[in-house]
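# Descriptive structure summary
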Amino acid sequence: MSGFFGADVEQLLAQSRSTKTAGERLGEIADALVALGSSVEWTGQDAESFRDQLEGGVAPAVRESAGMLESGSRDLALHAAQQDLASDPDGRIDTSRYAELIGGEGLWSDIINGTQDAWNNPFNPFSDPMDIDDLGGRYIDTAEGQDFDPADVDISEEAIAEQTMRQGALGDCWLLSALMSVSEVNPGFLAENISLREDGTWDVTLYDDGEPVTVNVRPDQLAADGARVDDGQNDGWADDELGYMSIYEQAAINHLGPDYESVIADTPGAGLELITGQSSADDSFLGGNPTLEEFRAALSEGRPITVMSDPIHPWRDDIAGAHVYQVQSVDSSTGELIMVNPWGYTGDGAEDMPHTIRVSIEDYRANFVMAGVGSKPEDFGKPR
């Protein structure tokens with residue numbers, strides 16, 4: 001057998017709708033069971049025991065199954081959209097047909113960032129949501145974290161300006177690349193928006209539709225394989241310290257939550273908006289991306305810039321697919337964009353991606369599909 005065989009988009013969508021309906025029905029059954037159990041005129045120890053089992057065991061198990069079906073429905077629709085996107089010669093699809101099943105807000109981000117998983121991982125739409133054990137457990141439970149003191153995390157402006165990002169095991173490059181970009185143009189803003197409380201927790205200011213939101217982060221919430229400060233030794237997390245990025249990452253999880261999937265995948269501008277409060281509209285697919293001169297002008301104004309690579313597969317082997325990079329500068333002598341990968345220094349193996357890449361504007365057009373250009377640093381945090 002030869003050639004490429006893809007999924008039938010219409011069959012996937014039909015199965016997605018059917019699965020969504022079944023999940024919703026199971027949720028209704030769980031609610032009805034609890035209501036019926038409460039309505040029965042029955043008193044005594046047996047009655048209390050029965051209702052406790054119904055409300056504490058049976059109904060939650062049914063709701064969990066309902067949630068898995070609804071999650072599976074969403075993933076089936078995502079795979080349909082990804083197949084649609086991969087099959088279209090122009091890379092354009094009608095997102096409205098997927099909005100009801102996937103969710104209208106952030107639809108593009110879910111489709112394009114999920115594509116990499118569709119190519120690299122086994123198709124298992126009904127898997128359990130990611131939890132902290134999937135990220136190596138709690139940092140404070142590890143050998144290196146047993147004597148952890150929150151006061152040891154350097155969140156000063158100087159540290160934020162100097163620290164190099166290592167992304168970790170979460171697919172939140174959109175957020176971490178934005179942090180990298182902002183830390184380079186205005187580290188003081190990040191330092192002002194993160195503080196250690198007397199109780200040993202941190203308060204982080206994020207922005208929701210331009211409005212500041214204070215999010216609390218506890219040390220016990222930080223995952224062992226979350227974002228860290230890269231020590232540049234190519235030895236994984238062995239000696240990497242926690243830094244401002246570790247706390248900001250958890251703040252985003254707490255704010256966008258309730259689970260880790262909330263920060264997996266989004267567009268370049270979404271991270272800049274969440275961190276700075278200023279609108280950073282993403283340029284559309286296959287058109288509207290900045291020219292070299294526009295990149296140069298934005299960088300000269302100190303604007304943070306992040307860009308997303310092709311969600312299917314970039315043409316260059318040194319560029320990761322469906323990945324968000326920081327645009328650090330323009331080399332005027334060569335006309336190349338200099339981009340930084342939030343993965344950090346990953347090593348010298350063939351499977352590793354370089355920390356810094358140089359991209360001509362022609363290569364940019366061929367390998368990247370979306371850009372987020374932030375506001376001027378002096379406008380960070382101001383009312384829109």
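Residues numbered from 1 in each chain as written. Predicted model: local features only at pLDDT ≥ 70, side-chain atom pairs only at ≥ 80, totals over all residues. Heavy atoms only, no water.

A word on the overall build of the chain. Across its full length, the chain carries 11 helices and 10 strands. Burial statistics for the chain: of 384 residues in total, 47% are counted as buried. Carbon and sulfur atoms make up 48% of the accessible area of the chain, which amounts to about 18500 Å² in all. (Helix = DSSP H or I, 4+ residues; strand = E, 2+ residues; numbered from the N terminus. Buried < 20%, exposed > 50% of the residue type's maximum accessible area, 1.4 Å probe, protein only. Areas by Shrake-Rupley, 256 points an atom, 1.4 Å probe, with all protein chains shown as cover.)

Turning to the environment of R316, a few remarks are in order. Mapping R316 onto the fold places it in the loop between β6 (305-309) and β7 (324-331). A relative accessible area of 19% places R316 in the buried class. In this structure, the C-alpha to C-alpha distance between R316 and V359, residues 43 residues apart in sequence, is 9.9 Å. For R316, the side chain forms a polar contact with the side chain of D318, separated by 2.8 Å. Of note is the side chain of R316, whose polar atom sits 3.1 Å from the backbone oxygen of R358. (Polar contact = N/O pair within 3.5 Å; in protein donor to acceptor, adjacent residues only side chain to side chain.)

If you trace the three strands from one edge of the open sheet to the other, you get β2-β3-β4, paired in antiparallel fashion. Two strands close off the open sheet at either side, each with one partner strand: β2 (194-196) and β4 (211-217). Sheet twist, expressed as the average angle between the axes of neighbouring strands with direction ignored, equals 25°. For β2 and strand β3 (residues 202-208), the ladder comprises three bridges, and the chain directions are antiparallel. Counterpart to I194 in the pairing with β3 is V204. (Pairing = 2+ DSSP bridges. Axes fitted to C-alpha atoms, helices over the stretch in contact; angles between N-to-C directions.)

So, about the packing of aromatic side chains. The final tally for this structure, using the stated rule, is eight aromatic pairs. With a centroid separation of 6.3 Å and an interplanar angle of 20°, the aromatic rings of F189 and Y207 are classed as stacked. One end of the pair, F189, is in helix α7 (residues 187-192); the other, Y207, is in strand β3, with 18 residues separating them in the sequence. The class of F189 is buried, set by a relative accessible area of 6%. Y207 sits in the buried class, given a relative accessible area of 7%. (Phe/Tyr/Trp six-rings, centres within 6.5 Å; stacked < 30°, edge-to-face > 60°.)

Take the pattern of salt bridges next. Enumeration according to the criterion identifies 18 salt bridges in this entry. With a shortest N-O distance of 3.4 Å, E273 and R384 are connected by a salt bridge. You can see E273 sitting in helix α9 (residues 268-276) and its partner R384 sitting in the segment after β10 (368-373), a full 111 residues away along the chain. Owing to a relative accessible area of 25%, E273 belongs among the partly exposed residues under this scheme. Of the charged contacts in the structure, one is a salt bridge between R316 and D363, with a shortest N-O distance of 3.0 Å. Taken together, the residues span a long stretch of sequence, with R316 in the loop between β6 and β7 and D363 in helix α11 (residues 361-367) at a distance of 47 residues. Residues participating in the shared-partner salt-bridge network are R166, D230 and D240. (Salt bridge = Lys/Arg side-chain N within 4 Å of Asp/Glu carboxyl O.)

The periodicity of an α-helix, 3.6 residues per turn, causes residues three or four places apart in sequence to face the same way. When we look at burial in helix α10 (residues 292-300), the residues that qualify are L292, F295 and A298. For α10, the angular spread of the buried residues around the axis is 130°, confining them to a single face. Taken together, the buried residues of α10 touch β6, β7, β8 (336-340), α11 and β10. At the exit of α10 stands G302, carrying a positive phi of roughly 80°. (Arc of directions from axis to C-beta. Contact = heavy atoms within 4.5 Å.)

Two strands pair when backbone bridges link them, and β3 and β4 are joined in this way by seven bridges, in the antiparallel orientation. In the strand pairing of β4, D203 is matched with N216. Here β3 folds back onto β4, and the loop between the two strands holds two residues, one of which, D209, carries a positive phi near 55°.

The next subject is the nonpolar core. Counting residues in each nonpolar core, the largest one holds 51 residues, and the members touching the most others are L179 and L190. Secondary-structure elements contributing two or more residues to this core are α6 (173-185), α7, β3, β4, α8 (244-256), α9 and β10. In terms of residue count, the dominant contributor to this core is α6 (eight residues). Those residues in contact with L179 that lie beyond four places of it in its chain are M165, L190, Y244, M245, Y248 and I275. (Core = buried A, V, L, I, M, F, W, Y, C linked by side-chain atoms within 4.5 Å.)

Another aspect to go through is the sheet that holds β8. Here five strands make up an open sheet; going across it, the order is β9-β8-β7-β6-β10 and the pairing antiparallel. In the strand order of this sheet, the two ends are held by β9 (356-360) and β10, each with one partner. Across the sheet, the axes of successive neighbouring strands diverge by a mean angle of 35°, strand direction being ignored. Pairing of β6 with β10 involves five bridges; the strand directions are antiparallel. Within β10, the position partnered with M308 by the bridge is M370. Across the face of the sheet, α9 comes into contact with β6, β7 and β10 while running at roughly 15° to β10. Packing of α10 onto the sheet brings it into contact with β6, β7, β8 and β10, and relative to β7 it is tilted by some 90°.

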